[in-house]
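Listed here are the chains, written in short residue letters.
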Amino acid sequence: MSDGEAVIEAEGLTKVYPAAFRLFGDGGREKLAVDNVTFNVRRGEIFGLLGPNGAGKTTTVKMLSTLLIPTSGKATVLGLDVVRDAGKLRSRINLVSGGERGLYFRLTGRQNLEFFSDMYHVPREEKRRRITNLLEIVGLTEAADVRVEEYSRGMKQRLHLARGLVNEPEVLFLDEPTLGLDPEISRETRALIRHLSEEGVTILLTTHYMFEADELCDRLAIISEGRIKALGSPYSMKEAVRNDSIIEVEARELGEAQRRELADLPGVSAVSVEHLEGRQRARIVVANAPGLIPTVAAMLESRRVISIRVDQPTLEDAYIKLVNGR
Amino acid sequence: MMRNVTGIKASALVAMRSQFAVVGPVLWLIQIFSTALFQMWFFVLVSDFAGDPAAGPAYVALGNAVSSLTYAAVYGVTMAAGSEKHIGTMASILGTPTRMYYVFLGKGAYQSVIGLFTVTVSLLLSSWLFGVDLSGADPLTLATVLVVTCFAMVGFGMVIGSVGVYLRSSMVLGSIVLYLGLLLCGVNFPIAYLPGWLQPASYAFPLTYGVEAVRRVAMGAGLADVSHLLIVMLAMGAAFYVLAYLLFEVFERLALRRGSLDMF
Ligand SMILES: Nc1ncnc2c1ncn2[C@@H]1O[C@H](COP(=O)(O)OP(=O)(O)O)[C@@H](O)[C@H]1O
Ligand SMILES: [Mg+2]
């Protein structure tokens, strides 16, 4: 982050997935997945794309890592155009996606790494040294010669990370690197990501966990419905709700209709409803909480309210305000 | 160039390791023998029943022995495309500097070895069990014919497999081709038995020339006598490899546009 040189530059990046071709039945329709997205990532930075499912995070990452051709707009990574110079770029970057796919599960961890090293033309001697080292870093030395089909979910994810490092990428894309991992392994994975960043790798990661973005990222973009809603440091995101307060309501019969009614009240900038066991919890982001409580109480009179209280805004609220709010 | 060779070797190694991770050597041999034997046996019995002197048991046994190449050379290569997509390695490979074409050349090379072994076993069985007379065949000529046939058929498999980079249907295509081969290539009966309008299709399949060449070699033909068939197969093969290269590029491009790499 020191010199501020941009190594990823996306400008007006847009992806419209073409309508599916089908021989029979409705062909499906075009899908605007990423809509005119512009941002830069600086050398050495950990940059986050934070957004709910379907926001367009994976689509953005795939375009930047040469695995998807943008419909319009332009992107360069390390000064190379992601479409025109894809061939040259591929040896200098890597992408790791969350999930279990993308490994040869009948091969051992080491054999997988050997194969992908060959795909990146890593010289033979260097290959051996690098793989030993990577297995050590991700803690798979013991399991190196065990077949991947016998690996746990977390081990596969760590092998994926090692695979993403066989070409010593200058820029590493991580798509939901902790998706579905248990808390312990997630924590280890985040530690590893921080370690890589300290080694000088520029990292762009996607996540839908607010705390993960907060913990890891130097800067982040909040993305929703294909558009960037906010961009800046986690701290500056919190600023978005600094002057707000929260009314938290718990009730037994809160639904989408009530959420919408609440969101339409004057001064309310966002409402989220969380479904708990036998009850719901609504958080209303509003400029003046105490003043609005009587109105809210009256409105929800028939919804079997359990409690109403005023709370301090959290990062979570900032996120909800930036994604859903006005 | 050397880099692509590394890619080809690495991919062949993965194909071999994946296969032998599931089946041990004994089970593998049983698989090869079954592939060689059962289909041949089935059609030999059918031909016995039909009693056509132009397509007797020995004729049918020889045809099926040669066609056993299809399993590895065409079907094996085609299925590989589907399986790479299914387990998600295709996207990881496309992100590397190695082109998918070379990865499939590696698979083709591995399947060639398997195919040539299968066809050798098949021919031996056909002569021990079903009265195919190979005593007049020159071993070197026979080997040359088989290698050239295999070369052309793997090229054919690569053309069909390339579709798998873009669509899920490559496996379906593989199965269709497997059975079309039995129908069109002079395996179980002479091509002249086919309806006139269908006969030209036979000549698009390299197996047709391979079966014909082996029949002649079995009757004592030398290299010079089958050279025209060999040349056709070499030319077809070369055309298939070039076409496959172009198709891999085109389908990769389409897949990158549509985002279909992860659809499996
Ligand atoms: N290959 C595809 N074809 C059509 N639509 C797609 C394809 N991939 C993703 N989408 C759609 O594009 C939108 C964005 O998806 P994605 O980028 O995967 O979001 P995220 O990673 O943030 O969850 C979603 O509505 C998704 O359904
Ligand atoms: Mg995603």
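Residues numbered from 1 in each chain as written. Chains lettered and ligands numbered in written order. Predicted model: local features only at pLDDT ≥ 70, side-chain atom pairs only at ≥ 80, totals over all residues. Heavy atoms only, no water.

Details of the overall build of chain A
Point 1. Regarding its fold elements, chain A presents eleven helices and 14 strands.
Point 2. In terms of overall dimensions, chain A has C-alpha extents of about 75 × 55 × 45 Å along its principal axes.
Point 3. A total of 326 residues make up chain A; the buried ones form 53% of that total.
Point 4. Considering only contacts in chain A between residues 6 or more positions apart, those separated by 24 or more positions represent 72%.
Point 5. Counting 45 positive and 48 negative side-chain charges, chain A places the averaged centre of each group 4 Å from the other. (Helix = DSSP H or I, 4+ residues; strand = E, 2+ residues; numbered from the N terminus. Buried < 20%, exposed > 50% of the residue type's maximum accessible area, 1.4 Å probe, protein only. Contact = heavy atoms within 4.5 Å. Lys, Arg positive; Asp, Glu negative; His and termini not counted. Charge placed at Lys NZ, Arg CZ, Asp CG, Glu CD.)

Here's the deal with the interface of chain B and chain A
Point 1. Counting residues at the interface gives 35 residues for chain B and 31 residues for chain A.
Point 2. A combined buried area of about 3,000 Å² lies between chain B and chain A, and 60% of that area is made up of carbon and sulfur atoms.
Point 3. Summed over the shared surface of chain B and chain A, the result is two salt bridges.
Point 4. Across the pair Arg17 of chain B and Glu114 of chain A runs a salt bridge whose closest N-O atoms are separated by 3.5 Å.
Point 5. The set of elements that each furnish at least two residues to the side of chain B that touches chain A consists of α1 (2-22), α4 (69-87), α5 (89-94) and α11 (227-258) of chain B.
Point 6. If you tally residues by element for the side of chain B that touches chain A, the top one is α1 of chain B, at ten residues.
Point 7. A class-by-class count of the residues in the side of chain B that touches chain A yields 13 nonpolar, twelve polar and ten charged. (Buried area = accessible area lost by both parts, 1.4 Å probe. Salt bridge = Lys/Arg side-chain N within 4 Å of Asp/Glu carboxyl O. Nonpolar A, V, L, I, M, F, W, Y, C, P; charged D, E, K, R; others polar.)

Quick word on unusual backbone geometry
Residue and element names in this part refer to chain A.
Point 1. Its identity is not glycine, yet Thr66 carries a phi of approximately 70°, on the positive side.
Point 2. Position of Thr66 among the secondary structure elements: in the loop between α1 (57-64) and β4 (72-77).
Point 3. The phi angle at Glu176 is positive, at roughly 50°, despite the residue not being glycine.
Point 4. Mapped onto the fold, Glu176 is located in the loop between β7 (171-175) and α6 (183-198).
Point 5. Given a relative accessible area of 10%, Glu176 falls into the buried group.

Focus: the side chain of His121 of chain A
Point 1. Here His121 of chain A shows up in the loop between α3 (109-119) and α4 (124-137).
Point 2. Owing to a relative accessible area of 18%, His121 of chain A belongs among the buried residues under this scheme.

Let's talk about the domain arrangement of chain A
Residue and element names in this part refer to chain A.
Point 1. Once the domains are mapped, chain A shows domain 1 (6-238) and domain 2 (243-324).
Point 2. For domain 1 versus domain 2, the distance between C-alpha centres works out to 36 Å.
Point 3. Contacts between the two partners involve twelve residues from domain 1, matched on the other side by six residues from domain 2.
Point 4. In this assembly, domain 1 packs against domain 2 so that about 810 Å² is buried in total across both faces, 77% of it on carbon and sulfur atoms.
Point 5. If you sort the residues of domain 1 by the area they bury against domain 2, Met210, Ile222 and Lys229 come out on top, with a joint share of 50%.
Point 6. Here domain 1 and domain 2 share zero salt bridges between them.
Point 7. Inspection of the region where domain 1 meets domain 2 yields zero residue pairs in polar contact (both at pLDDT 80 or more).
Point 8. Among the secondary structure elements, those contributing two or more residues to the side of domain 1 that touches domain 2 are α7 (210-216), β9 (219-224), β10 (227-232) and α8 (234-239). (Domains from an automatic or database assignment. Polar contact = N/O pair within 3.5 Å; in protein donor to acceptor, adjacent residues only side chain to side chain.)

Let's talk about the side chain of Glu250 of chain A
Residue and element names in this part refer to chain A.
Point 1. Position of Glu250 relative to the elements: it lies in strand β11 (residues 245-251).
Point 2. At a separation of 2.5 Å, a polar atom in the side chain of Glu250 contacts the side chain of Arg279.
Point 3. Polar contacts involving the side chain of Glu250 include one to the side chain of Arg281, which spans 3.1 Å.
Point 4. In contact with Glu250, not counting residues within four places along its chain, are Arg279, Gln280, Arg281, Val305, Ile306 and Ser307.

Concerning the pattern of salt bridges
All names here are of chain A.
Point 1. Tallied over the entire structure, the rule returns 40 salt bridges over all chains.
Point 2. Glu100 is paired through a salt bridge with Lys156; the nearest N and O atoms lie 2.6 Å apart. Of this pair, Glu100 sits in the loop between β6 (93-97) and α3 while Lys156 is found in helix α5 (residues 153-163), placing the two residues 56 residues apart along the sequence.
Point 3. On the basis of relative accessible area, Lys156 is assigned to the buried category, the value being 13%.
Point 4. Each of Glu248, Glu250, Glu274, Arg279, Arg281, Arg283, Arg309, Asp311 and Asp317 takes part in salt bridges that share partners, so that together they form one network.

Overview of the site of ligand 1
Point 1. Gly54, Gly56, Lys57, Thr58 and Thr59 of chain A are the nearest of the 14 residues found near ligand 1.
Point 2. Nearby residues around ligand 1 are contributed by chains A and B.
Point 3. One nitrogen or oxygen atom from the side chain of Tyr17 of chain A is found 3.4 Å from a nitrogen atom belonging to ligand 1.
Point 4. Taking 560 Å² as the accessible area of ligand 1 by itself, protein coverage stands at 71%.
Point 5. Mapped by element, the contributors of at least two residues to the shell around ligand 1 are β2 (31-42) and α1 of chain A.
Point 6. Considering each element in turn, the shell around ligand 1 owes the most residues, three residues, to α1 of chain A. (Near = heavy atom within 4 Å. Areas by Shrake-Rupley, 256 points an atom, 1.4 Å probe, with all protein chains shown as cover.)

Things to note about the sheet that holds β9 of chain A
All names here are of chain A.
Point 1. Spatial ordering of the open sheet is given by β6-β7-β8-β3-β9-β10, a layout of six strands whose pairing is mixed. A strand with exactly one partner marks an edge of an open sheet, and here the two such strands are β6 and β10. The mean inter-strand angle of the sheet, taken between neighbouring strand axes irrespective of direction, is 15°.
Point 2. Pairing of strand β3 (residues 46-50) with β9 involves four bridges; the strand directions are parallel. (Pairing = 2+ DSSP bridges. Axes fitted to C-alpha atoms, helices over the stretch in contact; angles between N-to-C directions.)

Notes on the packing of aromatic side chains
Point 1. Under the criterion given, the structure shown has 18 aromatic pairs over all chains.
Point 2. Relative to Phe115 of chain A, the ring of Tyr104 of chain A has its centre 5.2 Å away and its plane inclined at 85°; by these criteria the two rings are edge-to-face. Pair noted here: Tyr104 of chain A is in the loop between β6 and α3 and Phe115 of chain A is in helix α3, with a separation of eleven residues, a long-range link. The pair formed by Tyr104 of chain A and Phe115 of chain A is uniform in burial state, with each residue classed as buried.
Point 3. The lysine or arginine in question, Arg215 of chain B, covers the ring of Tyr59 of chain B, its NZ or CZ lying 3.5 Å from the ring centre. (Phe/Tyr/Trp six-rings, centres within 6.5 Å; stacked < 30°, edge-to-face > 60°. Lys NZ or Arg CZ within 6 Å of the ring centre and 35° of its normal.)

Topic: the nonpolar core
Point 1. Core analysis: the largest hydrophobic core is formed by 169 residues, its most contacted members being Phe173 and Leu204 of chain A together with Met158 of chain B.
Point 2. Formed jointly, this core draws a minimum of three residues from each of two domains, domain 1 (6-238) and domain 2 (243-324) of chain A.
Point 3. The next biggest cluster of nonpolar side chains, apart from the first, holds 16 residues, and it includes Ile247, Val249, Ala263 and Ile284 of chain A. (Core = buried A, V, L, I, M, F, W, Y, C linked by side-chain atoms within 4.5 Å.)

Brief notes about the packing of α3 of chain A against α4 of chain A
Geometry of a packed helix pair, given as the angle between the helix axes and the separation of the axes.
Residues and elements named next belong to chain A.
Point 1. For the pair α3 and α4, the least separation of the axes is 10 Å and the interaxial angle reads 135°. Regarding the angle of α3 to α4, the classification is oblique. Viewed along their axes, α3 and α4 form a crossing whose handedness is right-handed. Contacts between α3 and α4 pair Arg110, Leu113, Glu114, Ser117 and Asp118 from the former with Lys127, Ile131 and Leu135 from the latter.
Point 2. For the contact of α3 with α4, the per-class residue count stands at three nonpolar, one polar and four charged. (Parallel < 35°, antiparallel > 145°, perpendicular 65-115°, else oblique. Left-handed = near helix turned anticlockwise from the far one by under 90°.)

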